[in-house]
Amino acid sequence: QVQLVESGGGLVQAGGSLRLSCAASGRTFSSYTMGWFRQAPGKEREFVAAITRSGGITNYADSVKGRFTISRDNAKNTVTLQMNSLKPEDTAVYYCAADLGTIATMTLGDINYWGKGTLLTVSS
């Protein structure tokens, strides 16, 4: 089992940057595809980014491509989401996700474990 704890959310102005981190418990972190999802007020949870077990392949939602970067450190059991050029529409609760499947299945929302989320608010 994996426990995920997100951190780094907060209030930032449009155009600014922020980095989210997710710390995972357990000894098998490198066995999981990792990713980030978000849920804006009144909307469904949506895929943001994912990274393979080795960190060699990443995938992004079109809405964040070129602005967000996902990375992982298997030695530290962490995954981060660097967010640049933030927009008000990026405002959401961001969730860390871990899955034993592939990036493809993660993109579809088929997730084994979720964190509790961290709130990002982007002001205009």
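Calculation criteria
- Residues numbered from 1 in each chain as written.
- Predicted model: local features only at pLDDT ≥ 70, side-chain atom pairs only at ≥ 80, totals over all residues.
- Heavy atoms only, no water.
- Pairing = 2+ DSSP bridges.
- Helix = DSSP H or I, 4+ residues; strand = E, 2+ residues; numbered from the N terminus.
- Axes fitted to C-alpha atoms, helices over the stretch in contact; angles between N-to-C directions.
- Core = buried A, V, L, I, M, F, W, Y, C linked by side-chain atoms within 4.5 Å.
- Buried < 20%, exposed > 50% of the residue type's maximum accessible area, 1.4 Å probe, protein only.
- Contact = heavy atoms within 4.5 Å.
- Phe/Tyr/Trp six-rings, centres within 6.5 Å; stacked < 30°, edge-to-face > 60°.
- Lys NZ or Arg CZ within 6 Å of the ring centre and 35° of its normal.
- Polar contact = N/O pair within 3.5 Å; in protein donor to acceptor, adjacent residues only side chain to side chain.

> Looking at this model, I keep getting lost on the sheet that holds strand E3 (residues 18–24). Mind explaining?
Backbone hydrogen bonds are what pair the strands of a sheet, in a parallel or an antiparallel way. Taken in spatial order, the four strands of this open sheet run E1-E3-E8-E7, and their pairing is antiparallel. The sheet terminates laterally at strand E1 (4–7) and strand E7 (68–73), the two strands that pair on one side only. Looking at each pair of strands side by side, their axes are set apart by 15° on average, direction ignored. Here E7 runs beside strand E8 (residues 78–83); their pairing, made up of six bridges, is antiparallel. Among the inter-strand pairings, Asp73 is bridged to a residue of E8, identified as Thr78.

> Mind showing me how you'd approach the nonpolar core here?
Across soluble globular proteins, nonpolar side chains show a tendency to be buried alongside one another. If you look at the biggest cluster of nonpolar residues, it comprises 37 residues, and the most contacted ones within it are Met34, Trp36, Leu81, Met83 and Tyr94. Counting only elements with at least two residues in this core, the list comes to E3, strand E4 (33–39), strand E5 (46–51), E7, E8, strand E9 (92–99), helix H1 (103–107) and strand E11 (118–123). If we skip the residues at most four places from it in the chain, Met83 touches Gly16, Ser17, Leu18, Leu20, Arg67, Phe68, Tyr94 and Leu120.

> Could you clarify how one ought to interpret the packing of aromatic side chains in this entry?
Aromatic ring pairs: the centre-centre distance and the angle between the two ring planes describe each pair. Inspection of every chain in the model, using the stated rule, returns four aromatic pairs. Centroid distance Tyr32 to Tyr113: 5.9 Å. Interplanar angle 70°. Geometry classified as edge-to-face. One end of the pair, Tyr32, is in the loop between E3 and E4; the other, Tyr113, is in strand E10 (residues 113–114), and 81 residues separate them in sequence. Between Phe37 and Phe47, the aromatic rings sit 5.6 Å apart at their centres with planes inclined by 75°, giving edge-to-face as the arrangement. Taken together, the positions of Phe37 in strand E4 and Phe47 in strand E5 put the pair 10 residues apart, joining distant regions of the chain. By relative accessible area, which is 3% here, Phe37 ends up buried. Grouping aromatic residues by their ring pairs yields a cluster made of Phe37, Phe47, Tyr95 and Trp114. We note Arg45 situated over the ring of Tyr95; from NZ or CZ to the ring centre the distance is 3.9 Å. One cation-aromatic arrangement involves Arg45 over Trp114; the distance from NZ or CZ to the ring centre is 4.2 Å.

> How should I be thinking about the side chain of Asp90 in this particular structure?
Examined against the element boundaries, Asp90 turns out to sit in the loop between E8 and E9. By relative accessible area, which is 1% here, Asp90 ends up buried. A polar contact is formed between the side chain of Asp90 and the side chain of Arg67, at a distance of 2.8 Å. Setting aside its immediate chain neighbours within four residues, Asp90 contacts Arg38, Arg67, Phe68, Ser85, Leu120 and Val122.

Don't take any of this as a statement about function, it's just geometry.
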